[in-house]
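# Fold and contact review
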Amino acid sequence: EFVWKTRNAKPTKVSTIFNDIMLPQMQVRCKKCARKMFITRSLLGIEKYQRMSTVTERMLGMLGVLSTFRVSEKILGMFGLGRNRMKIWRCVQKVGAEINLGLDPDELPAGEADGTGIPIQGIRKRGRELKVFVQKKVAGGVRVAGLDIGRYNGGWDRLFRPLIQNLRIFKRFLIVTDGDTNILKPLKNVNVFVQRCLWHIPHQLKHFLWMDGVQRKSEDWKQIMGRIFDISASRPYMEHDEIQAVVAQKKERLDNLISFCKERGYRACASYLHNARADMFTSLEKRLHGTSTSLAERVMRTVNLRINVGKWTRAGALNAMKLRLAHYYNGWTP
């Protein structure tokens, strides 16, 4: 069905993972539709007007998010590959922009939302927040369902906007948060239950103890921290008939701790615990899947190992982290 369009094909430069090579552009034409096609580009998966295949771009992009761009250039140079760091950077941006995240209806109806500060060009220190939404998997662990970069106060609507329709597929969905109320604003019309992360509560309570002027490792400090750790701890498996008694006992202990803080004049601690009380035991009371410990913190460590090197643009950081997290948690490979 094809006839040769060019007998003596002109050579063209093609970039591969090994090096630049010269290949002839063998062109053929279809007898039926008269469409022309380069056999070489079709076999190697290289689009028109491009010199690098999709697989090569993905390999270089993955190398750029697993290590720094300077180190990636050095590694390739050790194997005789002439790839500079800007080529690797462009591959990271192109491949990262093509990755689509989302919820998987076959996984658990539970997820965690959290954020971490990242270094952005033109802003002092960690001027923007990387917002991450992960979904818990049936086999254990999490997968990344949403990613965005914005200001610390707000910005979660951009992350949840493409996920709203998929969230409505589930009859009920449990979301674990660290107490940031901005996370829930885009989810007003979705049937979700909120669970305060029991890992964050003792961690954040240390800050409020500092605000109340409680000396670190003093008797009151030790007593408050010991009691909140006891309240936050829960067994991963419980019988349904004992859950109600356990929750009632924990709420009673929490109320006693709040009263203790008020008696001692620790207003910031009492207010923080009072605000957290309503959503501390949702997972147990509703008999929902999973515990409420923060698996998202492990994702943040994966982010920080790469994002802390240098300063980024917003789009550059977002594309790089999409590619890095998709590889580590969503099973993406080149």
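Everything below is about the structure shown above.
My aim in this report is to walk through the structure given alongside it, one point at a time. For clarity, every value in this text was computed on a predicted model and none was experimentally measured.

A tally of regular secondary structure across the chain gives 13 helices and ten strands. Taken over C-alpha atoms, the radius of gyration comes to 26 Å for the chain, far larger than the 20 Å a tight globule of 334 residues would show. For the chain, buried positions account for 45% of its 334 residues. Across the chain, the fraction of contacts at a sequence separation of at least 24, relative to all contacts at a separation of at least 6, is 60%. The distance from the centre of the 59 positive side-chain charges to the centre of the 29 negative ones in the chain is 13 Å.

The subject of this paragraph is the pattern of salt bridges. A complete count under the given rule lists ten salt bridges for this structure. A salt bridge links Asp157 to Arg161, with the nearest nitrogen and oxygen atoms 3.6 Å apart. Residue Asp157 is classed as partly exposed on the basis of its relative accessible area of 38%. It is possible to trace a salt-bridge network through shared partners that takes in Asp148, Arg158 and Arg314.

Here Asp178 is to be found in the loop between strand E9 (173-177) and strand E10 (192-196). Of the side chains with opposite charge, Arg196 comes closest to the buried, unpaired Asp178, at an N-O distance of 6.7 Å. In this structure the side chain of Asp178 is engaged in a polar contact, spanning 3.2 Å, whose partner is the backbone nitrogen of Asp180. Sequence-distant contacts of Asp178, that is, excluding residues within four places in its chain, are made with Ala113, Asp114, Ile183, Arg196, His200 and Gln204.

Applying the stated rule across the entire model yields zero disulfides. No disulfide involves Cys33; its nearest neighbouring cysteine sulfur is the one of Cys30, lying 3.7 Å away.

Before going further, it helps to spend a moment on the side chain of Arg306. Positionally, Arg306 belongs in helix H12 (residues 296-307). Buried within the structure, Arg306 lacks any salt-bridge partner; its nearest side chain of opposite charge belongs to Glu73, at an N-O separation of 11 Å. Within the structure, Arg306 has its side chain in polar contact with the backbone oxygen of Ser67 (distance 3.1 Å). The residues contacting Arg306, other than those within four sequence positions of it, are Gly64, Val65, Ser67, Thr68, Phe69, Trp312, Met321 and Arg324.

What follows deals with the pairing of E9. Two faces, one strand: in a regular strand the side chains alternate between the faces of the sheet. A large share of E9 lies buried, amounting to five of its five residues. Here strand E6 (residues 110-118) pairs with E9 via three bridges, running parallel. When the sheet's bridge partners are listed, Glu112 is paired in E9 with Val176. Bridge count between E9 and E10: five bridges; the pairing is parallel. For Thr177, the partnering residue across the bridge sits in E10 and is Arg196.

The backbone of Ala34 shows a phi angle near 65°, a positive value even though the residue is not glycine. Structurally, Ala34 can be placed in the loop between strand E4 (27-30) and strand E5 (36-38).

Secondary-structure assignment places Ser72 in helix H3 (residues 69-78). For Ser72 and Trp89, which are 17 residues apart along the polypeptide, the C-alpha to C-alpha distance reads 10.0 Å. Residues within four places of Ser72 in sequence aside, it is in contact with Leu63, Gly64, Ser67 and Ile88. Of the polar contacts made by the side chain of Ser72, one reaches the backbone oxygen of Thr68; its length is 2.8 Å.

With respect to the helices and strands, the residue Asn189 is situated in the loop between E9 and E10. It is 9.3 Å that separates the C-alpha atoms of Asn189 and Arg168, two residues lying 21 residues apart in sequence.

Here helix H4 (residues 85-98) crosses helix H13 (residues 314-329) at 70°, and the two axes come no closer than 8 Å. Put simply, H4 runs roughly perpendicular to H13. Across the interface between the two elements, Trp89, Val92, Gln93, Val95, Gly96 and Ala97 from H4 touch Ala315, Gly316, Asn319, Ala320, Lys322 and Leu323 from H13. Per-class residue counts for the contact of H4 with H13 are seven nonpolar, four polar and one charged.

Parameters at a glance
- Residues numbered from 1 in each chain as written.
- Predicted model: local features only at pLDDT ≥ 70, side-chain atom pairs only at ≥ 80, totals over all residues.
- Heavy atoms only, no water.
- Helix = DSSP H or I, 4+ residues; strand = E, 2+ residues; numbered from the N terminus.
- Rg over C-alpha atoms; globule rule 2.2 N^0.38 Å.
- Buried < 20%, exposed > 50% of the residue type's maximum accessible area, 1.4 Å probe, protein only.
- Contact = heavy atoms within 4.5 Å.
- Lys, Arg positive; Asp, Glu negative; His and termini not counted.
- Charge placed at Lys NZ, Arg CZ, Asp CG, Glu CD.
- Salt bridge = Lys/Arg side-chain N within 4 Å of Asp/Glu carboxyl O.
- Polar contact = N/O pair within 3.5 Å; in protein donor to acceptor, adjacent residues only side chain to side chain.
- Disulfide = S-S within 2.5 Å.
- Pairing = 2+ DSSP bridges.
- Axes fitted to C-alpha atoms, helices over the stretch in contact; angles between N-to-C directions.
- Parallel < 35°, antiparallel > 145°, perpendicular 65-115°, else oblique.
- Nonpolar A, V, L, I, M, F, W, Y, C, P; charged D, E, K, R; others polar.

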